[in-house]
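Commentary on secondary and tertiary structure
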Amino acid sequence: MTLTFDLKTYLDRYRQQVEAALDAYLPLGYPPKIYEAMRYSLLAGGKRLRPILVLASCELCGGNPDWAMPTAVAVEMIHTMSLIHDDLPAMDNDDYRRGKPTNHKVFGEDIAILAGDGLLAYAFQVIADRTPLEVPRERVVRVIALVARSVSAEGLVGGQVVDLEMEGNPHATEAMLDYIHKHKTAALLEAAVVGGAIVAGANEEQIEGLRQYSQNIGLAFQIIDDILDITSTPEELGKSVGKDEKAQKLTYPKLWGIATSQQKAKALVQEAKQLLAAFGDRATPLQALADYIVERTN
Ligand code: GRG
C-alpha cells in the first residue's frame, strides 16, 4: 500500500464525495436569503481537510466511511461558520475568503451572523438525524458531545477570545499562543479525527493514539498557516495575507523565525505519523495527510 498510495487521487475522491454531500444536505429553503447565505460560504471551496480527516479516520478504524459522512459534513459546517464569524468587522474584519468576498460583504452583517448560527445548529441536527442506523446511538451521542466541546468555550470560542485579547498585546507569551492554537485550530481537527474513529467503533487505545496524532497535526497546521500569512499571496491562499503583522499578533514565525518554525512543524508531523505505527500500512492515508499539512502551499 505504501508504494502505490497516491494522496492526490485519495484527496480528489473524498473531496468530490464531500462536495456532493454538502450540496445535498443543505438544499435551498425558506426564507431563501438565509439558505443562500449558508450555501454561499459552505460551497465556496476550501481544502475540505476536516471532513476528509473524519472519513479517513473512520476507514482506518475499520468503519464504512459512509457512516461518518454526516459527521464529516457537520464538522465542515462548523468550520465554515467559524470562518464567517471570524471575518466579521467585530472580529478579524476580512473582505476576502476562499477566493470570494466574505459572507457579510455579500449578505450584510446581520445575515452573516445568522448564517453562521444556522450552520452551527444544523451541524448537530445532521449528525443526530443522518448517521445511519448501523452506528449504535451511544456512539452518535458521544460524537455530538465531542464536537460540541470542540466549539465551546473549552474549544474554538475560548481560543478566539484569547486571540482577540492578544491582539496588539506586547506582553503576549508563547503559552498564550499555544493556548490559542490548541483551541482555535487543533480542537476541531481533533473532533474530526476522533469523531471518525468513534463512529467506526475504535477502541480506547486507538482513540487515544488518534487524539495525540490530531493534536500534533493541529499545531503543525497552525504553524504553517502563520508562515503562509507571511510568505504567500492572496491569489494562492484565497484570503488576505499579512494580517498577523497588521494586527500586531504574536505568531510562531515571529517567535522562532521561519526556518525554525518549519522544522518544528515537520517534527510534530513526524511524531504524529509514528503515533499511528500500530495501525500498520492502513495508516498510510492519515500519515500522508500529515505530510500534506506541512507541505501545503494554501
Ligand atoms: C464556533 C460557536 C463558534 C464560534 C466561532 C470565530 C470563532 C468562534 C473562532 C475562529 C476560529 C478560526 C477562524 C480559526 C482559524 C482556523 C484556521 C487555520 C482556518 C483556516 O482553515 P483552512 O486553511 O481553510 O483549512 P479552508 O478554507 O481550506 O477550509
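Predicted model, so just to flag it, every value in this text is computed and none were measured.

Notes on the overall build of the protein chain
Each helix and strand in the protein chain was counted, giving 15 helices and 2 strands. Here the protein chain holds 298 residues, and the buried ones make up 53% of them. Long-range pairs, those at least 24 residues apart, make up 72% of the contacts in the protein chain between residues at least 6 apart in sequence. Computing the positive centroid from 30 side-chain charges and the negative centroid from 40, the protein chain places the two 2 Å apart.

Description of the environment of Ala 56
Within the fold, Ala 56 resides in helix α3 (residues 49–60). Sequence separation between Ala 56 and Pro 285 is 229 residues; the distance between their C-alpha atoms is 7.0 Å. For Ala 56, the residues in contact, after removing those within four places along its chain, are Tyr 10, Tyr 14, Leu 286 and Leu 289.

Quick notes on the side chain of Glu 190
Note on placement: Glu 190 falls in helix α9 (residues 174–200). Note on Glu 190: relative accessible area 16%, which makes it buried. Ignoring any residue separated from it by four or fewer positions in sequence, one finds Glu 190 in contact with Gly 195, Arg 211, Ser 214 and Gln 215.

Looking at the environment of Val 54
Here Val 54 lies in helix α3. Residue classification places Val 54 among the buried positions, given a relative accessible area of 0%. Aside from chain neighbours lying at most four places away, what touches Val 54 is Ala 68, Thr 71, Ala 72, Val 75, Ala 192 and Gly 196.

Observations concerning the site of the ligand
Taken together, 19 residues lie around the ligand, and Lys 47, Arg 50, His 79, Arg 98 and Gln 160 are the ones closest in. Note that an oxygen atom of the ligand is positioned 2.8 Å from one of the side-chain N or O atoms of Arg 50. About the coverage of the ligand: the protein hides 90% of its 760 Å² of free accessible area. Counting only elements with at least two residues in the shell around the ligand, the list comes to α4 (65–86), α8 (156–166), α9 and α10 (204–231). With 5 residues, the single largest contributor to the shell around the ligand is α4. Here the shell around the ligand is composed, by residue class, of 7 nonpolar, 6 polar and 6 charged.

Remarks on the pattern of salt bridges
Considering all chains together, one arrives at 20 salt bridges under this definition. Residues Asp 12 and Arg 15 are paired through a salt bridge, measuring 3.7 Å at the closest nitrogen-oxygen approach. Within this pair, Asp 12 and its partner Arg 15 are both found in helix α1 (residues 7–25), separated by 3 residues, close to a single helical turn. Given a relative accessible area of 23%, Arg 15 falls into the partly exposed group. Counted as one network, the salt bridges with shared partners bring together Glu 19, Arg 48, Glu 76 and Arg 98.

Observations regarding helix α15 (residues 284–295)
Its 12 residues give α15 an end-to-end C-alpha distance of 16 Å, which sits within 8% of 16 Å, the value for a rise of 1.5 Å per residue. Among the 12 residues in α15, 10 count as buried, and that is most of the element. For α15, the set of buried residues is Thr 284, Pro 285, Leu 286, Gln 287, Ala 288, Leu 289, Ala 290, Tyr 292, Ile 293 and Val 294. Turning to α15, the residues buried within the fold contact α1, α3, α10 and α14 (258–275).

Topic: the packing of aromatic side chains
Applying the stated rule across the entire model yields 4 aromatic pairs. Look at Tyr 40 and Phe 107: their rings are 5.4 Å apart centre to centre, the planes differ by 75°, and that puts the pair in the edge-to-face class. With Tyr 40 in helix α2 (residues 32–42) and Phe 107 in helix α5 (residues 103–107), this pair connects stretches of sequence that are 67 residues apart. An aromatic cluster is defined as three or more aromatic residues linked by ring pairs; in this entry it consists of Phe 5, Tyr 10 and Tyr 14. Lying over the aromatic face of Phe 221, Arg 50 brings its terminal NZ or CZ to 5.5 Å of the ring centre.

The rules behind each value
- Residues numbered from 1 in each chain as written.
- Predicted model: local features only at pLDDT ≥ 70, side-chain atom pairs only at ≥ 80, totals over all residues.
- Heavy atoms only, no water.
- Helix = DSSP H or I, 4+ residues; strand = E, 2+ residues; numbered from the N terminus.
- Buried < 20%, exposed > 50% of the residue type's maximum accessible area, 1.4 Å probe, protein only.
- Contact = heavy atoms within 4.5 Å.
- Lys, Arg positive; Asp, Glu negative; His and termini not counted.
- Charge placed at Lys NZ, Arg CZ, Asp CG, Glu CD.
- Near = heavy atom within 4 Å.
- Polar contact = N/O pair within 3.5 Å; in protein donor to acceptor, adjacent residues only side chain to side chain.
- Areas by Shrake-Rupley, 256 points an atom, 1.4 Å probe, with all protein chains shown as cover.
- Nonpolar A, V, L, I, M, F, W, Y, C, P; charged D, E, K, R; others polar.
- Salt bridge = Lys/Arg side-chain N within 4 Å of Asp/Glu carboxyl O.
- Expected span 1.5 Å × (residues − 1).
- Phe/Tyr/Trp six-rings, centres within 6.5 Å; stacked < 30°, edge-to-face > 60°.
- Lys NZ or Arg CZ within 6 Å of the ring centre and 35° of its normal.

Purely geometric numbers; function is a separate question.
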